[in-house]
Amino acid sequence: QVHLVDSGGGLVRPGGSLILACTASEAIVGLNVIGWYRQVPGAQRELVAVITNEDMPTYADSVKGRFSISRDKFKTVLYLRMDRLKPEDTAVYYCRLDMVMLGKMYWGQGTQVNVSS
């Protein structure tokens, strides 16, 4: 069982920046995909950015050029740097880990991001 803890959310003005962190209870090794999803009330959770165990990132079109996903060398912390934030980026952001070979999926508890003037 892998536990993920999301942090770093908050209130920021349009055009501002935030860095989210997802801290895992153990090093994430093996074939996996880990990333960030977000959800607003009444809508489905949507992909924001994911990265594979080979450090290949994928971004939603809406955040390309503004967000950057990365992780530490120990494979225990996943980051999402968010620049030039827009009000439409307001959502709860969740970390998700897919352990491909094990067929298991884990979610963080979410962290709220509010972009407002």
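Calculation rules
Residues numbered from 1 in each chain as written. Predicted model: local features only at pLDDT ≥ 70, side-chain atom pairs only at ≥ 80, totals over all residues. Heavy atoms only, no water. Buried < 20%, exposed > 50% of the residue type's maximum accessible area, 1.4 Å probe, protein only. Helix = DSSP H or I, 4+ residues; strand = E, 2+ residues; numbered from the N terminus. Pairing = 2+ DSSP bridges. Axes fitted to C-alpha atoms, helices over the stretch in contact; angles between N-to-C directions. Contact = heavy atoms within 4.5 Å. Polar contact = N/O pair within 3.5 Å; in protein donor to acceptor, adjacent residues only side chain to side chain.

Student: Can you help me understand the pairing of strand E11 (residues 111-115) in this one?
Tutor: The side chains of a regular strand alternate between the sheet's two faces. Residues of E11 alternate between two faces, with Thr111, Val113 and Val115 buried on one and Gln112 and Asn114 left unburied on the opposite face. Bridging between strand E2 (residues 10-12) and E11 involves three bridges; their strand directions are parallel. Residue pairing for E11: Leu11 is matched across the bridge by Asn114.

Student: Explain the sheet that holds strand E7 (residues 67-71) here, please?
Tutor: Spatially, E1-E3-E8-E7 is the arrangement adopted by the four strands of the open sheet, whose pairing is antiparallel. Where the open sheet ends on each side, the last strands, each with one partner, are strand E1 (4-7) and E7. Strand after strand, the sheet turns through a mean of 15° between neighbouring axes, direction not considered. Examined bridge by bridge, E1 and strand E3 (residues 18-24) share four bridges and lie antiparallel to one another. Bridging from a neighbouring strand, Val5 pairs with Thr23 of E3.

Student: Honestly, the environment of Asp83 in this entry has me stumped. Any pointers?
Tutor: Tracing the chain through its elements places Asp83 in the loop between strand E8 (77-82) and strand E9 (91-99). Taking the relative accessible area as the measure of exposure, Asp83 reaches 22% and is therefore partly exposed. The spatial distance from the C-alpha of Asp83 to the C-alpha of Ala24 is 24 Å, given a sequence separation of 59 residues. Among residues more than four places away in sequence, those in contact with Asp83 are Gly16, Ser17, Arg66 and Phe67. Within polar-contact distance, the side chain of Asp83 engages the side chain of Ser17 at 2.7 Å. Only 3.0 Å separates the side chain of Asp83 from the side chain of Arg81, close enough to count as a polar contact.

In short, shape yes, function no, at least from these values alone.
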